[in-house]
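Structural description and commentary
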Amino acid sequence: RQPRRVLPCGAQKARKVPGRIPHASCRCGQVRIACTGEPIRASVCHCRECKARSGSAFAAQVRFPAEQVRTEGEAKMWQYTGDSGNTADFFFCATCGSGVWYRARPYHEAYAIPLGNFESGHGFLPDYSVYEDRKEPWVSITGEAIEHYD
């Protein structure tokens with residue numbers, strides 16, 4: 001395992017099943033997402049905002065450049081400005097209320113899609129786990145290729 005360090009600005013490539021177009025959706029299926037090409041990254045985050053967004057001890061998401069994402073269905077948006085002054089746009093299904101993607105500055109041109117919204121067999125593996133200094137004591141994120149950052 002690599003020593004803990006500050007999160008780099010550069011993104012790592014997430015891995016996925018070659019030749020497969022990953023699809024994601026809300027719980028009722030009204031909002032659907034298709035992603036092409038390689039993702040920017042797949043990550044696990046332990047920050048307070050991601051915990052609140054996911055309703056869990058951490059959140060896992062996959063980021064794709066906007067031009068590689070196609071959405072269908074009606075999504076509603078809620079905008080949040082954090083303590084840093086950066087804003088994030090959160091998109092929810094207008095029917096079932098599921099969070100389906102978000103865009104956050106400074107990476108506003110990318111769609112971050114919760115990993116759990118993808119169909120099974122997507123093949124995404126996290127590249128790194130961030131804000132581990134805020135990780136719940138009973139959580140352990142493991143894997144040979146995962147980088148760990150505080």
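Let me begin by describing the structure that accompanies this report.

For the rest of this paragraph, the subject is empty space enclosed by the protein. Here the structure, examined in full by the defined rule, presents one cavity of 30 Å³ or more. Put simply, the largest cavity is a space of about 30 Å³. Lining the largest cavity are Arg63, Tyr102, Arg103, Ala104, Tyr107, Ala110, Tyr111 and Ala112. Counting only elements with at least two residues in the lining of the largest cavity, the list comes to β8 (99-104) and β9 (110-114). Taken together, the residues of the lining of the largest cavity sort by class into six nonpolar, no polar and two charged.

Before going further, it helps to examine the environment of cysteine 93. Relative to the helices and strands, cysteine 93 is located in strand β7 (residues 87-93). When the C-alpha atoms of cysteine 93 and valine 31 are compared, they prove to be 6.1 Å apart, with 62 residues separating the residues in sequence. If near-sequence neighbours (up to four positions away) are discounted, cysteine 93 is found in contact with Cys26, Cys28, Gln30, Val31, Glu74, Ser98 and Val100.

Turning to the packing of aromatic side chains, a few remarks are in order. The final tally for this structure, using the stated rule, is eight aromatic pairs. Ring centres 5.6 Å apart and planes at 35 degrees place the aromatic pair tryptophan 78 and tyrosine 80 in the tilted group. Taking 4.7 Å as the distance between ring centres and 15 degrees as the angle between the ring planes, the aromatic pair formed by phenylalanine 91 and tryptophan 101 counts as stacked. Here phenylalanine 91 is found in strand β7, whereas its partner tryptophan 101 is found in strand β8, with 10 residues between them in sequence. Its relative accessible area of 7% is what places tryptophan 101 among the buried residues. Ring pairs connect the aromatic residues Trp78, Tyr80, Phe90 and Tyr102, which therefore count as one cluster. The aromatic ring of tyrosine 111 is capped on one face by arginine 103, whose charged end is 5.5 Å from the ring centroid.

Pairing in this open sheet of three strands is antiparallel, and the strands run β1-β2-β5 from one edge to the other. At either end of the open sheet lies a strand with only one pairing partner, and these are β1 (23-25) and β5 (69-72). Averaged over all neighbouring strand pairs, the angle between strand axes comes to 20 degrees, with direction disregarded. Here strand β2 (residues 32-35) pairs with β5 via four bridges, running antiparallel. If you follow isoleucine 33 over to β5, its bridge partner there is threonine 71.

There is about 1,300 Å³ of room inside the largest pocket. Those elements giving two or more residues to the lining of the largest pocket turn out to be β3 (41-45), α1 (48-54), β4 (59-65), β6 (75-81), β7, β8, β9 and β10 (128-130). It is α1 that contributes the most residues to the lining of the largest pocket, six residues altogether. In terms of residue class, the lining of the largest pocket is built from 27 nonpolar, 11 polar and eight charged.

Rules and cut-offs
- Residues numbered from 1 in each chain as written.
- Predicted model: local features only at pLDDT ≥ 70, side-chain atom pairs only at ≥ 80, totals over all residues.
- Heavy atoms only, no water.
- 1 Å grid on protein atoms, 1.4 Å probe; cavity = no way out; pocket = protein on both sides within 12 Å on 5 of 7 lines; lining within 4 Å.
- Points joined across faces, edges and corners; volume = space filled by probe spheres on them.
- Helix = DSSP H or I, 4+ residues; strand = E, 2+ residues; numbered from the N terminus.
- Nonpolar A, V, L, I, M, F, W, Y, C, P; charged D, E, K, R; others polar.
- Contact = heavy atoms within 4.5 Å.
- Phe/Tyr/Trp six-rings, centres within 6.5 Å; stacked < 30°, edge-to-face > 60°.
- Buried < 20%, exposed > 50% of the residue type's maximum accessible area, 1.4 Å probe, protein only.
- Lys NZ or Arg CZ within 6 Å of the ring centre and 35° of its normal.
- Pairing = 2+ DSSP bridges.
- Axes fitted to C-alpha atoms, helices over the stretch in contact; angles between N-to-C directions.

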